[in-house]
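Working through the structure, step by step
These are the residues of each chain, in order.
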Amino acid sequence: MDATVMVSQKILVLGVGNVLLKDEGLGVHLVRRLEAVYDFSENVHVMDGGTLGLRLLDPILEADHVIVIDAVHRGAAPGTVQRMSADDLSKRVTFKNSIHQLDLVETLAYAEVLGRRPSCVIVGMEPWTLNPGAPA
């Protein structure tokens, strides 16, 4: 793809998760770190999506491309990084994976119904623990 075309397209880097549940919040922690350490071009928006669910519809509708960063439970060793498409996520998500992943799948479905679903990739990491009382 031509670099000029890519710069004119809007990219949303979206960290999601619940920071109260240890590693479940890793997407939020990562985007906060990215914002603190890096300067992005004007077409890249880095956002802490927390557990906002459907309230993320507007920023998603405004983007051409979305990169979601999240804890993903797939039975791999803790710390394993995996790349999935939004379609992969919708096939694999269950209640025990994460409530906000269900919200994300639903939000992307609404974007598709509205005719404005951006391309989407999920970068997930297998968490170590989700127990808020466990040692870090």
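Structure report, in brief. Sequence order sets the numbering: in each chain, residues are counted from 1 along the sequence as written. Per-residue local features of the predicted model are confined to residues with pLDDT of at least 70, and side-chain atom pairs are confined, for both listing and counting, to 80 or more; whole-chain, interface and lining totals are unaffected and use all residues. The basis for every side-chain value is the complete set of non-hydrogen atoms in the structure, without hydrogens or water.

1. With respect to the pattern of salt bridges
Using the following cut-off: For this analysis, a salt bridge means a side-chain nitrogen from Lys or Arg found within 4 Å of a carboxyl oxygen belonging to Asp or Glu. Strands here mean DSSP runs of E at least two residues long; helices mean DSSP runs of H or I at least four residues long; both are numbered from the N terminus.
All told, the structure shown has three salt bridges when counted by the stated rule. Two residues, D48 and R32, come together in a salt bridge whose shortest N-O distance is 3.1 Å. Placement of D48 in strand β2 (residues 44-50) and of R32 in helix α2 (residues 26-37) is noted, with a sequence separation of 16 residues between them. Residue D64 is joined to R116 by a salt bridge in which the shortest nitrogen-to-oxygen separation is 3.2 Å. Here R116 lies in the loop between α5 (99-113) and β5 (119-125) and D64 lies in the loop between α3 (57-62) and β3 (65-71), a separation of 52 residues in the sequence.

2. Considerations on the pairing of β2
Here is the rule: When DSSP finds two or more bridges between a pair of strands, those strands are recorded as paired. If the strands point away from the viewer and the path from the first strand over the helix to the second runs clockwise, then the crossover is right-handed.
One ladder, built from six bridges, connects strand β1 (residues 11-16) with β2; its direction is parallel. Opposite I11, over in β2, you have V44 as the bridge partner. In the classification by handedness, the crossover that spans β1, the intervening α2 and the parallel β2 is right-handed.

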